[in-house]
Amino acid sequence: MSILVTGGAGYIGSHTCVELLNAGHEIVVVDNFSNSKPESLKRITELTKKEYKFYEVDLLDKKALETVFCENQIEAVIHFAGLKAVGESVEIPLHYYYNNITGTLILCEVMKKYDVKKMVFSSSATVYGFPKHVPITEDFPLAATNPYGRTKLMIEEILKDLHSSDNNWGIALLRYFNPIGAHESGRIGEDPNGIPNNLMPYINQVAIGKLDKLNVFGSDYDTHDGTGVRDYIHVVDLAKGHLKALEKIISTTGIDAFNLGTGVGYSVLDVIKNFEHVTSQRIAYSFTHRRSGDIDKCYADTTKAMKELGWKATKNLEDMCRDSWRWQRSNPKGYEEETFK
Ligand code: NAD
Ligand code: UD1
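Residues numbered from 1 in each chain as written. Chains lettered and ligands numbered in written order. Predicted model: local features only at pLDDT ≥ 70, side-chain atom pairs only at ≥ 80, totals over all residues. Heavy atoms only, no water.

### Some thoughts on the overall build of the protein
How we decide: Put simply, DSSP H or I for four residues or longer makes a helix, DSSP E for two residues or longer makes a strand, and each gets a number counted from the N terminus. Here the globule rule reads 2.2 Å times residues to the power 0.38, and the radius of gyration is calculated from C-alpha atoms. Relative accessibility thresholds used throughout: buried, under 20% of the residue-type maximum; exposed, over 50%; partly exposed, between the two (1.4 Å probe, protein chains only). Neither His nor the chain ends contribute to the count of charged residues, in which Lys and Arg are positive and Asp and Glu negative. Charge positions are represented by NZ for Lys, CZ for Arg, CG for Asp and CD for Glu.
Check the secondary structure of the protein and you find eleven helices and 14 strands. Since a compact globule built from 341 residues should have a radius of gyration of about 20 Å, the 19 Å found for the protein is in line with a globular shape. Dimensions of the protein along its principal axes, counting C-alpha atoms only, are 55 × 45 × 40 Å. Within the span of the protein, comprising 341 residues, buried residues form 55% of the whole. For the protein, the centre of its 39 positive side-chain charges and the centre of its 45 negative side-chain charges are spaced 1 Å apart.

### Digging into the site of ligand 2
We apply this condition: By convention in these notes, a residue is near a molecule or strand provided one of its non-hydrogen atoms lies within 4 Å of it. Contacts described as polar in this section are N or O atom pairs within 3.5 Å, which, within protein, must combine one atom able to donate a hydrogen with one able to accept it, while residues neighboring in sequence count only if both atoms come from side chains. Charged means Asp, Glu, Lys or Arg here, nonpolar means Ala, Val, Leu, Ile, Met, Phe, Trp, Tyr, Cys or Pro, and polar covers whatever is left, Gly included.
Close to ligand 2 lie 21 residues; Asn 215, Phe 217, Arg 230, Arg 291 and Asp 294 are nearest. Phe 217 is positioned with one of its backbone polar atoms (N or O) 2.8 Å from an oxygen atom of ligand 2. Between ligand 2 and Asp 294 there is a distance of 2.6 Å, counted from an oxygen atom to a side-chain nitrogen or oxygen. The leading source of residues in the shell around ligand 2 is strand 8 (residues 214-217), at four residues. Taken together, the residues that form the shell around ligand 2 break down as eleven nonpolar, seven polar and three charged.

### Brief notes about the site of ligand 1
Near ligand 1 you find 26 residues, and of these Asp 31, Asn 35, Ser 36, Phe 80 and Lys 84 are the closest. Within the backbone of Gly 10, one N or O atom sits 3.3 Å away from an oxygen atom of ligand 1. Between ligand 1 and Phe 80, the relevant distance is 2.8 Å, taken from an oxygen atom to a main-chain nitrogen or oxygen of the residue. Element by element, the count of residues in the shell around ligand 1 is highest for strand 5 (residues 118-124), at three residues.

### Considerations on the nonpolar core
Note the following rule: Definition used in this section: a nonpolar core is a set of buried Ala, Val, Leu, Ile, Met, Phe, Trp, Tyr and Cys residues joined via side-chain atoms within 4.5 Å. Every residue pair with non-hydrogen atoms within 4.5 Å of one another is taken to be in contact.
Ranked by size, the top nonpolar core spans 40 residues in total, and within it Val 5, Ile 27, Leu 174 and Leu 246 carry the most contacts. The greatest single-element share of this core, amounting to seven residues, is contributed by helix 8 (residues 235-251). Ignoring any residue separated from it by four or fewer positions in sequence, one finds Val 5 in contact with Cys 17, Leu 20, Ile 27, Val 28, Val 29, Val 30, Ile 78 and Phe 80. Val 68, Val 77, Val 116 and Met 119 belong to the second largest nonpolar core, which has 28 residues in total.

### What to know about the packing of helix 5 (residues 93-113) against helix 6 (residues 147-165)
Inclusion rule: Throughout, an axis means a line fitted to C-alpha atoms (over the contacting stretch in the case of helices), and angles, computed between N-to-C directions, take values from 0 to 180 degrees. Oblique is the label for every angle not falling under 35 degrees (roughly parallel), over 145 degrees (roughly antiparallel), or within 65 to 115 degrees (roughly perpendicular). Take the far helix as the reference: if the near one is turned anticlockwise from it by less than a right angle, the crossing is left-handed, and if turned clockwise, right-handed.
Two elements in contact, helix 5 and helix 6, have axes whose closest approach is 9 Å; the angle formed by their N-to-C orientations is 20°. Judged by the angle between their axes, helix 5 and helix 6 are roughly parallel. The interaxial crossing formed by helix 5 with helix 6 has right-handed handedness. Here Pro 93, Tyr 96, Tyr 97, Asn 100, Ile 101, Thr 104, Leu 105 and Cys 108 of helix 5 come into contact with helix 6, specifically with Pro 147, Tyr 148, Arg 150, Thr 151, Met 154, Ile 155, Ile 158, Leu 159 and Leu 162. Taken together, the residues that form the contact of helix 5 with helix 6 break down as 13 nonpolar, three polar and one charged.

### Regarding the packing of aromatic side chains
Rules: Put simply, two rings from Phe, Tyr or Trp (the six-membered ring, in Trp's case) pair if the centres are within 6.5 Å, and we call them stacked under 30 degrees between planes, edge-to-face over 60, tilted for the rest. We call a charge positioned above a ring when the Lys NZ or Arg CZ atom is no farther than 6 Å from the ring centre and deviates by at most 35 degrees from the ring normal.
Taken as a whole and judged by the stated rule, the model has seven aromatic pairs. Each ring, one from Phe 275 and one from Trp 325, has its centre 6.0 Å from the other, and the planes form 75°; the classification is edge-to-face. In this pair, Phe 275 sits in helix 9 (residues 268-279) while Trp 325 sits in helix 11 (residues 317-330), placing the two residues 50 residues apart along the sequence. With respect to class, Phe 275 is no different from Trp 325; both count as buried. In this structure an aromatic cluster arises from ring pairing among Tyr 128, Phe 140 and Phe 177. Taking NZ or CZ as reference, Arg 290 lies 4.0 Å from the ring centre of Tyr 221, over its face. It is Lys 304 that lies over the ring of Phe 258; its NZ or CZ is 5.0 Å from the centre.

### Section: the sheet that holds strand 9 (residues 229-230)
This is how the line gets drawn: One bridge is not enough; two strands pair if DSSP finds at least two bridges between them.
Here we have three strands laid out as an open sheet, ordered 12-9-14, and mixed in their pairing. Taken across any chain shown, the strands that pair with only one partner, and hence form the sheet edges, are strand 12 (266-267) and strand 14 (297-298). As paired strands, strand 9 and strand 14 are joined by two bridges and run parallel to one another. Residue pairing across strands places Val 229 opposite Lys 297, the latter belonging to strand 14.

### Remarks on the sheet that holds strand 5
Here seven strands make up an open sheet; going across it, the order is 3-2-1-4-5-6-11 and the pairing parallel. Here the strands that pair on one side only, and so sit at the sheet edges, are strand 3 (53-56) and strand 11 (254-260). Each strand of the sheet is rotated relative to its neighbour by a mean of 15°, with strand direction disregarded. The strands touched by helix 3 (residues 62-71) within the sheet are strand 1 (2-6), strand 2 (26-31), strand 3 and strand 4 (74-79), with strand 3 carrying the most contacts at an inclination of about 165°.

### A short note on the environment of Asn 197
When you line up the elements, Asn 197 lands in the loop between strand 7 (178-180) and helix 7 (199-207). C-alpha of Asn 197 to C-alpha of Val 86: the two residues are 111 residues apart in sequence and 8.8 Å apart in space.

### Considerations on the side chain of Glu 138
Note the following rule: We define a salt bridge as a contact between a side-chain nitrogen of Lys or Arg and a carboxyl oxygen of Asp or Glu at a distance within 4 Å.
Among the secondary structure elements, Glu 138 is positioned in the loop between strand 5 and helix 6. Although Glu 138 is buried, it makes no salt bridge; Lys 304 carries the closest opposite charge, 5.3 Å away. Not counting residues within four places of it along the chain, the set of residues in contact with Glu 138 comprises Tyr 128, Arg 175, Ala 257, Phe 258, Asn 259, Asp 301 and Lys 304.

Here's what the structure looks like:
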């Protein structure tokens, strides 16, 4: 029996594939490379010394997806495939709704047809909208502030309805906080297209000399130093959380949401200082106006994941900065070309 990983060539998917293979799972990966490169798949094999099946398939192509289920004995699905850039989702909302929601509907239809009723879904802390206070527990009110966030919220609702219609489904909704870092080998990591929107890839590109300086969005937030506070989580810890969630859904039915974060909040200045300390690179920055839609503080209460999944993040901010930098330094152009190590 195999675990189907949709979006397995992407940032979180590739790290999860490594953990799945290392744990002895057989996997089948599906990706359309809309936001990833085939090189990441080669590196999964390089790191694990294990082979696995890959299909270049778009989830919107139902026939092609059915072939995947027909040719393999799929036990459960870890569903990463989706578009994730908040700003882009505001500009091309229909594309986001179509890709993320229709893609998931088609996946669920095919799963149902092949009697595969186990899914781990990539949700996001974005479903908490503007949380009233921190730390955030899973029972906080849900709201979305942009089309990307709404796709996550809608998919969560769709999966809840699916479970209500048939209690044999076992579904974990994993609400990630801020995944950063890279595999400690420096062979796989985050490879954003164009100028990064998110903090850590931006810092990396300043450090490597690709970008001049970081704009720190806002210095007057209600936080210890005035800059935004987030719950950064190492991508390998996050990947391991998927294995724990998988164990749970395979052995039980039901639908449940889990926060995957560290439970600790760091400000933008904390991240810069930490990065500078562990990498000995100076990060030039200046303060600028707040980014629209940003909140002051966002961090998780992770008690539920600890109690019900037996999962806890183990890596700290230093590990995250060190591993991000190792990946960036040894792959200055991402997966584009092999460079010095
Ligand atoms: P990513 O873009 O690196 O990976 C997503 C993968 O899905 C890509 O390889 C892309 O090519 C593929 N894909 C997209 N649409 C597809 C389709 N229709 N058919 C087949 N493949 C398709 O993103 P990531 O950071 O690895 O995120 C994975 C998931 O986690 C996404 O659903 C994202 O929304 C969610 N998430 C990410 C973050 C984050 O900060 N990275 C935070 C919260 C939630
Ligand atoms: C972003 C997404 C969110 C997603 C989350 C997970 C936006 C608006 N939100 O959240 O939907 O779930 O990633 O990865 O994109 N910052 C700077 N300068 C920069 C970039 C960021 O100061 O150039 C600050 C931000 O203001 C924020 C912090 O760094 O305080 C983290 O930002 P970012 O990495 O973009 O993540 P989020 O905004 O938390």
